Amino acid sequence: MSAFFAILTRDIKLTARSFGDLLTLILFFVMIGVIVPFAIGPDKTLLARLAPGIVWIAAFLSSLLALDRLFRADMEDGSLLAFRHATISLETITFAKLIAHWLSSALPLIVATPVLAVMLNMDMTVFWRTIYSLILGTPALTAFGAVGAAITVSLRRGGLIAPVLILPLSVPILIFGVSAISANAGPNAETAAQLFLAGISIVSFVFAPFAAALALKLSQE
Amino acid sequence: MPVRQLEVTGLTCVRAEREVFSDVTFSVKSGEAILLRGPNGAGKTSLLMCLASYLPIASGTLTWNGRDPEQRPGEDMHYVGHQSAIKPSLSVAENLAFWANINGGHPDLVPDVLLAARLDHAANLEAMLLSAGQLRRLALARLLVSPRPIWLLDEPTSALDAQGAAWVEQMIDKHLQNGGFVIAATHLDLALQNSPQIKTIMLRGAK
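Residues numbered from 1 in each chain as written. Chains lettered and ligands numbered in written order. Predicted model: local features only at pLDDT ≥ 70, side-chain atom pairs only at ≥ 80, totals over all residues.

1. A closer look at the overall build of chain A
Stage number 1. Broken down by element type, chain A carries 9 helices and 0 strands.
Stage number 2. Walking chain A from its N terminus toward its C terminus, one meets helices and strands in the order α-α-α-α-α-α-α-α-α.
Stage number 3. Computed over its C-alpha atoms, the radius of gyration of chain A comes to 18 Å, within 12% of the 17 Å expected for a compact globule of 221 residues.
Stage number 4. Projected onto the principal axes, the alpha-carbon positions of chain A cover approximately 55 × 35 × 35 Å.
Stage number 5. When each of the 221 residues of chain A is scored for burial, the buried share is 47%. (Helix = DSSP H or I, 4+ residues; strand = E, 2+ residues; numbered from the N terminus. Rg over C-alpha atoms; globule rule 2.2 N^0.38 Å. Buried ≥ 20, exposed ≤ 12 C-beta atoms within 10 Å, placed from the backbone.)

2. Some remarks on the overall build of chain B
Stage number 1. Regarding its fold elements, chain B presents 5 helices and 8 strands.
Stage number 2. Along its sequence from the N terminus, chain B presents helices and strands in the succession β-β-β-α-β-β-α-α-α-β-α-β-β.
Stage number 3. At 17 Å, chain B has a C-alpha radius of gyration in line with the 17 Å of a compact globule built from 207 residues.
Stage number 4. Its C-alpha atoms give chain B principal-axis dimensions of about 50 × 35 × 35 Å.
Stage number 5. By the burial criterion, 42% of the 207 residues in chain B qualify as buried.
Stage number 6. Excluding contacts between residues fewer than 6 apart, the proportion of contacts in chain B whose partners are at least 24 apart in sequence is 73%. (Contact = placed C-beta atoms within 7 Å.)

3. Section: the pairing of strand S1 (residues 5–15) of chain B
Residues and elements named next belong to chain B.
Stage number 1. Across 8 bridges, S1 lies against strand S2 (residues 18–29) in antiparallel orientation. Considered in S2, the bridge of Arg15 is made with Arg18.
Stage number 2. Hairpin connection, S1 to S2: the antiparallel pair is bridged by 2 residues, and Ala16 has positive phi, about 50 degrees.
Stage number 3. Sheet topology places S1 next to strand S4 (residues 59–65); 6 bridges connect them, and they run antiparallel. Bridging across to S4, Thr9 finds its partner in Thr61. (Pairing = 2+ DSSP bridges.)

4. Observations regarding the nonpolar core
Stage number 1. With 126 residues, the main nonpolar core has Ala150 of chain A together with Leu96, Leu138 and Leu152 of chain B as its most contacted residues.
Stage number 2. Summarising the domain contributions, this core has at least three residues from each of domain 1 (1–70 + 150–207) and domain 2 (77–147) of chain B. (Core = buried A, V, L, I, M, F, W, Y, C linked by C-beta atoms within 7 Å. Domains from an automatic or database assignment.)

5. Details of the domain arrangement of chain B
Residues and elements named next belong to chain B.
Stage number 1. Taken as a whole, chain B is organised into domain 1 (1–70 + 150–207) and domain 2 (77–147).
Stage number 2. Distance from the C-alpha centre of domain 1 to the C-alpha centre of domain 2: 22 Å.
Stage number 3. Counting residues per element, the ones that place at least two in the side of domain 1 that touches domain 2 are strand S6 (150–154) and helix H5 (162–177).
Stage number 4. Across the side of domain 1 that touches domain 2, the residue classes tally to 9 nonpolar, 2 polar and 3 charged. (Nonpolar A, V, L, I, M, F, W, Y, C, P; charged D, E, K, R; others polar.)

6. Some details on the interface of chain B and chain A
Stage number 1. Contact with chain B, which involves 22 residues of that partner, is made by 20 residues of chain A.
Stage number 2. Counted by class, the side of chain B that touches chain A contains 10 nonpolar, 9 polar and 3 charged residues.

7. Things to note about the environment of Trp128 of chain A
Stage number 1. Mapped onto the elements, Trp128 of chain A comes out in helix H7 (residues 124–151).
Stage number 2. The exposure class assigned to Trp128 of chain A is partly exposed, which follows from the 13 C-beta atoms found within 10 Å.

8. Concerning the packing of helix H1 (residues 3–17) of chain A against helix H2 (residues 92–102) of chain B
Stage number 1. Where H1 of chain A contacts H2 of chain B, the axes come no closer than 8 Å and their chain directions differ by 145 degrees. For H1 of chain A against H2 of chain B, the interelement crossing comes out left-handed. Across the interface between the two elements, Ala3, Ala6 and Arg10 of chain A of H1 of chain A pack against Phe98, Asn101 and Ile102 of chain B of H2 of chain B.
Stage number 2. Counted by class, the contact of H1 of chain A with H2 of chain B contains 4 nonpolar, 1 polar and 1 charged residues. (Axes fitted to C-alpha atoms, helices over the stretch in contact; angles between N-to-C directions. Left-handed = near helix turned anticlockwise from the far one by under 90°.)

9. Some points on the sheet that holds S4 of chain B
All names here are of chain B.
Stage number 1. The sheet built from 3 strands is open, its strands ordered S2-S1-S4 with antiparallel pairing. Of all strands in the sheet, those bounded by a partner on one side alone are S2 and S4. Adjacent strand axes in the sheet meet at a mean angle of 20 degrees when their direction is disregarded.
Stage number 2. Most of the contacts of helix H1 (residues 44–51) go to S1, to which it runs at about 120 degrees, and overall it touches S1 and S2.

10. So, the confidence of the model for chain A
Stage number 1. Scored by pLDDT, chain A comes out at a mean of 89, with 96% of its residues at no less than 70.
Stage number 2. Put simply, helix H8 (residues 158–181) of chain A is where chain A has its lowest mean pLDDT, 87, and helix H6 (residues 90–119) of chain A is where it has its highest, 93. (pLDDT = per-residue confidence, 0-100.)

11. Topic: unusual backbone geometry
Residues and elements named next belong to chain B.
Stage number 1. At Glu155, a residue that is not glycine, the phi angle is positive and equals roughly 50 degrees.
Stage number 2. By the secondary structure assignment, Glu155 is in the loop between S6 and H5.
Stage number 3. Here the phi dihedral of Ala159 falls at roughly 70 degrees; this positive angle occurs in a residue that is not glycine.
Stage number 4. Here Ala159 shows up in the loop between S6 and H5.

12. Some thoughts on the confidence of the model for chain B
All names here are of chain B.
Stage number 1. On average, residues of chain B score 85 in pLDDT, and 93% of them are at 70 or above.
Stage number 2. When the elements of chain B are averaged for pLDDT, strand S8 (residues 198–202) gives the smallest value, 80, and H2 the largest, 92.
Stage number 3. As a predicted assembly, this complex carries a pTM of 0.90 together with an ipTM value of 0.86.

13. Concerning helix H4 (residues 132–145) of chain B
All names here are of chain B.
Stage number 1. Spanning 14 residues, H4 covers 21 Å between terminal C-alpha atoms, matching the ideal 20 Å at 1.5 Å per step.
Stage number 2. In terms of burial, H4 is largely enclosed, as 12 of its 14 residues are buried.
Stage number 3. Turning to H4, its buried residues are Gln134, Leu135, Arg136, Arg137, Leu138, Ala139, Leu140, Ala141, Arg142, Leu143, Leu144 and Val145.
Stage number 4. Those residues of H4 that are buried are in contact with strand S5 (77–80), H2, helix H3 (110–116), S6 and H5. (Expected span 1.5 Å × (residues − 1).)

14. Let's talk about the sheet that holds S5 of chain B
Residue and element names in this part refer to chain B.
Stage number 1. Taken in spatial order, the 5 strands make up an open sheet running S5-S6-S7-S3-S8, and their pairing is parallel. Every interior strand has two partners, whereas the edge strands, S5 and S8, have only one. The sheet shows a mean angle of 15 degrees between the axes of neighbouring strands, taken without regard to direction.
Stage number 2. Contacting strand S3 (33–37), S6 and strand S7 (181–185), H1 crosses the sheet at an angle of about 150 degrees to S7.
Stage number 3. Each of S5 and S6 touches H4; the most contacted strand, S5, lies at about 175 degrees to it.

See below:
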C-alpha cells in the first residue's frame, strides 16, 4: 500500500473506532436544526426562508468542533515528527489527512442533512440544492480549518483560537453556500454561486496542504 | 548501503534565546556509532533534533556526505524520540504496518519483527493496552520494518527490561555491521560501548 493511502485509511479507521466523537458531531449538527425552529416560532414560511442559512451555520459550527482532532493527536504522540522521515512529503501527508478529514467529518453531516430538511420544512428542490451546495462548499471549510488547526497545534488552548483565525476566511463560503440554495437575485444566480463555491473549494484544497505543512514544520521549533 | 558520513563542527543550538549546547564537534561514518552522554538538560535531545533538522542551527556546520541527492533529506533516517508515535486505538500490528507503509518499508516483515520484539502475542491487541516498555519495543520495531542507514535514537532503552536492552544492543550491533550508523543519547552503558567503532561524546550543556 502506498504511503498516501496508508495515511488515508489510518485516519478513517481512527475516526471509525472513536465512534462517539463522530456521533457527537452529527448530533451537534442536527441539534442546531432542532432548536432553531423552537427559537423562531411556528412560522413555516419564515423557517423555509431561513433554512439555507441555518444549514450552513450548523455545518460551519460542526466543522469547527471536529477541527481540533485533525493534527493535535499526531502532534502529541510524535507522529508529526516521524512524518518528516516518510517517503512522501509533509504536504502530501497533509493532503491525505485533509481528504480523510473531509470524509470523516463533512460527509457524515451531508448524510445527516435529511433530518434537518424535515425539521426546517424544506421542499425537495431546496433539499437537493442544499446537498449540492454542501458537497461543493464543505471541502473549503475543511481546507481553511486545517490551516487554522495547523497554526494553533502547538498552543494548549488552540481549539478556541483556530475558529477566530478562520472565521473571516469562511465568510465567502457561507455567502456563496447560502446563495447556492436560495437564489432570488437573478435567473442564473444559483449556478454562479455554485461555480464560485466549487472554485473556492478547489483552490483552497490545493493550497491548504502547503500552508498547513509549513505551519506544522514551524510549530515544532 | 553506500557509505555515509556526517561531519559536525562547532555546532551551537539556541532554543528560546537560551544556548542549549555550544561548540560540539565530531564526525561519524557508516559502521560507527556515537553515544551522547551528559546530565539531564545537557542538550542531548536538542542535538539529535538538530541532526534530524527539526531545530535550526545557531552557528557551526553540519555536513552530510554520501546521501542520495534524489531523496528528500530525512528519508534515509529514522528518529525515535520520547514520543512513541503509536495510535492507542489501532492494534500493535496495524501500527507497525502503518509505519512500514509510510516509510517505504516492508509490511510483510511485521510478524517477524514483532516476534523479535517479543510482541508477537500482543499483535492483535489495541496499543492502548501496552505497558511503557512494550510501547518502546513497538516504537523501536519501526526501525526494523523499513531499513534505513541513519538511526537517531533518544534514550532507546528507557522503560525496557534487561532482555529488552539486550535486544536493542543486538539491533544496533547488527545495524553497524550492515554499514548503518547510529547516534544515540543514553544514560545507560550499552554493552557495545567496548567495541572499537563506538565513540562517546560528553555534553556539558551551556555555561
